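# Secondary and tertiary structure notes
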Amino acid sequence: KTLSFPKVRTFIRQELVSAITENFGTPDVIAGVATGGIAQGVLVAEALGIPFIYVRVKPKSHGLSNMIEGVVEAEQSVVVVEDLISTGASSLNAVEALRDAGCKVKGMVAIFSYGFAEAVKSFEENNVKLITLTDYESLMKKALETNFVSEEDIVPLNEWRKHPQEWGEYPMTK
């Protein structure tokens, strides 16, 4: 929904640009992860004045069966843009596709991460530096400060975060 609000959209874009330049320098290309990272990635690439590509979750079932859409060459440096990190699976699949294409993935930026242990471990194992603008702990702190949740609510919310798959259907796959 943040894309629907110009001031919020601009703020997020600028914070992602700052996170990229401070942590990775200016890459040759920005890659968005389909679908949530595409719009944010385009905004970031435009602000940096560099090319944009995006990576599908899986290869197209027709045509050239591309997983990467856009022009990128082997040896180019890439920073991947994502909106949300939950398990990290789709984000890391995108990194793998870029590496398979010969790209040098400098790292990834995202708006938000749940900080699930599974994701933290996966990013470490795949040697991908992840920078997020905010995370679950910051969200819970702000929710408590603003009385959006109570101290009583925090306990089950934090328990959910430890083992979300045990709390019913787990639709998040990023």
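Residues numbered from 1 in each chain as written. Predicted model: local features only at pLDDT ≥ 70, side-chain atom pairs only at ≥ 80, totals over all residues. Heavy atoms only, no water.

## Looking at the overall build of the protein chain
- The helix and strand inventory of the protein chain stands at six helices and six strands.
- In sequence order, the secondary structure elements of the protein chain are arranged as α-β-α-β-β-β-α-β-α-β-α-α.
- In terms of C-alpha radius of gyration, the protein chain reaches 17 Å, essentially the compact-globule figure of 16 Å for 174 residues.
- The C-alpha extent of the protein chain, read off along each of the three principal axes, is 50 × 35 × 30 Å.
- Only carbon and sulfur atoms are counted for the fraction: they give 53% of the accessible area of the protein chain, which is about 9900 Å².
- Between the centroid of the 17 positive side chains of the protein chain and the centroid of its 23 negative side chains there is a distance of 5 Å. (Helix = DSSP H or I, 4+ residues; strand = E, 2+ residues; numbered from the N terminus. Rg over C-alpha atoms; globule rule 2.2 N^0.38 Å. Areas by Shrake-Rupley, 256 points an atom, 1.4 Å probe, with all protein chains shown as cover. Lys, Arg positive; Asp, Glu negative; His and termini not counted. Charge placed at Lys NZ, Arg CZ, Asp CG, Glu CD.)

## Topic: the confidence of the model for the protein chain
- When the pLDDT values of the protein chain are averaged, the result is 91; 92% of them are 70 or greater.
- At the level of individual helices and strands, the protein chain shows its lowest average pLDDT in helix 6 (residues 151-162), which scores 86, and its highest in helix 1 (residues 6-24), which scores 98.
- Contacts of residues 170-174 to residues separated by more than four positions or lying in other chains number 25 contacts, the stretch itself having pLDDT below 50. (pLDDT = per-residue confidence, 0-100. Contact = heavy atoms within 4.5 Å.)

## A look at the nonpolar core
- Leu 16, Ile 20, Ile 30, Val 44, Leu 48 and Val 109 are the most contacted members of the largest nonpolar core, which has 25 residues in total.
- Listed by contribution, the elements that provide at least two residues to this core are helix 1, helix 2 (36-48), strand 4 (77-85), strand 5 (104-113), helix 5 (136-145) and helix 6.
- The element best represented in this core is helix 1, accounting for six residues.
- The contact partners of Val 44, leaving out residues within four places of it in the chain, are Arg 13, Leu 16, Val 17, Ile 20 and Ile 30.
- Ile 53, Val 78, Ala 110 and Phe 123 belong to the second-largest nonpolar core, a separate cluster that totals 21 residues. (Core = buried A, V, L, I, M, F, W, Y, C linked by side-chain atoms within 4.5 Å. Buried < 20%, exposed > 50% of the residue type's maximum accessible area, 1.4 Å probe, protein only.)

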